Amino acid sequence: MALFLKNPLLLLLLLLLSAAAGTGRAARLNQWESAIRMPTEKDEELGTRWAVLVAGSSGYGNYRHQADVCHAYQLLRKGGLREQNIVVFMYDDIANNELNPRPGVIINHPQGNDVYAGVPKDYTGKHVTAANLYAVLLGNKSALTGGSGKVVNSKPNDRIFLYYSDHGGPGVLGMPNLPFLYAMDFIEVLKKKHASGGYKEMVIYVEACESGSIFEGIMPKDLNIYVTTASNAQESSWGTYCPGMEPSPPPEFITCLGDLYSIAWMEDSETHNLKKETVKQQYEEVKDRTSNFNTFNIGSHVMEYGTTNIKAEKLYLYQGFDPGSVDFPSNFLHTGTMEAVNQRDADLLFLWHMYKNLEDGSEKKVETLKQISETVKHRIHLDSSIDLIGKLLFGPTKGSATLNCIRAPGLPLVDDWECLKSKVRLFETYCGSLTQYGMKHMRAFANICNSGVPRASVEEACMAACIDHAPRQWHPLNQGYSA
């Protein structure tokens, strides 16, 4: 110290060197700051994020399902998930459909940007099947039929996000190529994936009518999988951003752009810092918005199943993190209510708007009117046939009540899932394809199985109920069997 006092210039030089060294150190710290993690955060981020996105429908009237999935893809990519770790299932008949007023473009919000550009076409057209979905989840390339060959080749420390959007019914989810996805088959796939040690944790979001029935009473709590569904086991989910509703799509659109539950979770993710928002916070926000803020006059009950302690985790572990959201809040409450349409009526809404917009007297308008008429007639046929089968099997006073009986919470839809499939095939052989509308009658077939009715009696009732049913276009040889 005495040396420095005798030589003030030496002291000044030392101080300057010290300051310069400090500046360099600070620069190096800033350079690597983003790589520095607290021990817990480092452990959380160990592994790869995977995603599987499924639009289970086809046809321009179902525009919203592919719009949902394309939007989800853009959100995840913006969050940093790599394309090779995102597997997309969509029929891909919307963007370039002749009815699309914006060729090559898909939107998921009335003022939304294009969400179609850049979306990989992993499994499209005839390759969008339940069997291919199972193979992708299990990482089983040898079981694939067509498609890109991309699978979830995940490791023990990886996390998986699965999102599905389409029509559903008790115990089933739709696919554009039959058969349907059946709940127990899907749960068995999840069990196999868990037994293989192929992931650390998984989060599943399902948009479909009666989507709670896919998990009610059969979803284990020890698979490290957390599930939320758009509806409970006995109610519809809802389409939104529909023509004539508020908010309404641009006037040139004649179909719904999105689904209530789906746009709720995605618009929530886009307006929050996902390193702050938890899975639970998003569940609560989506639950409120999907119920139209507990009014339920339009809306449904969002449900949760599986390993619920995952809810405490931050969303970015599954959906990634957009650096542009760093100053966004962790959560806030949407206050605007939404108009929506029952998923099962959205196709009729689309057909009606198409009919209304066509030129009077045109051949296309006549064809569309015929399509509406045939669709409604087949719906009436399905409803009346199921009702008559119930009366024939259980008597005129108990038939309807038996078929529509809802089991207590915590019990599965049906005790014997193979019985359910066999009764569906029996019905479709004599009465025609269930279609996406008729999926709602799956509970009736389940209750026939739960009541132990012999196959011969069911076949006899189906033959009697549908003896005069002739339309060829609804026959399963043309439509395919749902089971």
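What comes next concerns the included structure. Please read all numbers here as calculations on a predicted model, not as lab measurements. Throughout this description, residue numbers start from 1 for each chain and increase along the sequence as written. Confidence filtering applies because this is a predicted model: local features only for residues at pLDDT of at least 70, side-chain atom pairs given and counted only at 80 or more, and all residues used for totals across whole chains, interfaces and linings. Just so you know, side-chain values use all the structure's heavy atoms and leave hydrogens and water out.

Per the convention used, a helix needs a DSSP run of H or I reaching at least four residues, while a strand needs a run of E reaching at least two, with both numbered from the N terminus. Along its length, the protein chain carries 17 helices and 12 strands. Here the protein chain holds 483 residues, and 52% of them are scored as buried. Long-range pairs, those at least 24 residues apart, make up 77% of the contacts in the protein chain between residues at least 6 apart in sequence. When the accessible area of the protein chain is evaluated, it comes to approximately 21300 Å², of which 55% is carbon and sulfur surface. The rule is simple: take the accessible area with a 1.4 Å probe, protein chains only, and divide by the maximum for that residue type; under 20% is buried, over 50% is exposed, in between is partly exposed. Working rule for contacts: check all heavy atoms of both residues, and any pair within 4.5 Å makes them a contact. Per-residue and other accessible areas were derived by the Shrake-Rupley procedure at a 1.4 Å probe size, with only the shown protein chains allowed to occlude residues.

Turning next to the state of the cysteines. The criterion for a disulfide is a pair of cysteine sulfur atoms lying within 2.5 Å. One pass over the full model with this rule turns up three disulfides. Covalently, Cys242 is tied to Cys256 through a disulfide, its sulfur atoms 2.1 Å apart. Taking the sign of the S-S torsion, 110° for the link of Cys242 and Cys256, the bridge is right-handed. In this pair, Cys242 sits in the loop between strand 9 (238-240) and strand 10 (258-259) while Cys256 sits in the loop between strand 9 and strand 10, placing the two residues 14 residues apart along the sequence. Between Cys431 and Cys466 runs a disulfide, and the two sulfur atoms are separated by 1.9 Å. Sign of the S-S torsion, about 95° for the bond between Cys431 and Cys466, identifies this disulfide as right-handed. Within this pair, whereas Cys431 is found in helix 13 (residues 417-431), its partner Cys466 is found in the loop between helix 16 (455-465) and helix 17 (476-479), the two being separated by 35 residues in sequence. The class of Cys466 is buried, set by a relative accessible area of 5%. Described in terms of the sequence order of its bonded cysteines, the disulfide pattern of the protein chain is 1-2, 3-5, 4-6. For the unlinked cysteine Cys462, the closest cysteine sulfur is that of Cys431, found at 5.0 Å.

DSSP bridges decide pairing: two strands pair if at least two such bridges lie between them. Across the sheet, three strands lie side by side as 4-5-6; this open sheet has antiparallel pairing. With partners counted over all chains shown, the strands left at the sheet margins are strand 4 (168-169) and strand 6 (181-182), one partner each. Pairing of strand 4 with strand 5 (residues 172-173) involves two bridges; the strand directions are antiparallel. Note on strand 5: the bridge partner recorded for Gly169 is Val172.

What counts as a salt bridge is simple: a side-chain nitrogen of Lys or Arg found within 4 Å of a carboxyl oxygen of Asp or Glu. Considering all chains together, one arrives at 19 salt bridges under this definition. In this structure, Asp92 engages Lys121 in a salt bridge whose closest nitrogen and oxygen atoms are separated by 3.3 Å. Of the two residues, Asp92 is situated in the loop between strand 2 (86-89) and helix 5 (130-138) and Lys121 in the loop between strand 2 and helix 5; the sequence distance between them amounts to 29 residues. The exposure class assigned to Asp92 is partly exposed, which follows from its relative accessible area of 24%. Lys121 gets classed as partly exposed once you look at its relative accessible area, which sits at 47%. Two residues, Asp360 and Lys365, come together in a salt bridge whose shortest N-O distance is 2.7 Å. For Asp360, a relative accessible area of 65% puts it in the exposed group. For Lys365, a relative accessible area of 10% puts it in the buried group. Bridged by salt links that share partners, the residues Arg159, Glu201 and Glu313 form one connected network.

You can see Ser237 is positioned in the loop between strand 8 (225-229) and strand 9. On the basis of relative accessibility, which here comes to 1%, the residue Ser237 falls in the buried class. N or O atoms within 3.5 Å of each other form a polar contact, as long as, within protein, one can give a hydrogen and the other can take it, and as long as residues adjacent in sequence are counted only when both atoms are side-chain atoms. A polar atom in the side chain of Ser237 sits 3.3 Å from the backbone nitrogen of Cys209. Setting aside its immediate chain neighbours within four residues, Ser237 contacts Glu207, Ala208, Cys209, Ala230, Ser231, Ser300, Val341, Asn342 and Gln343.

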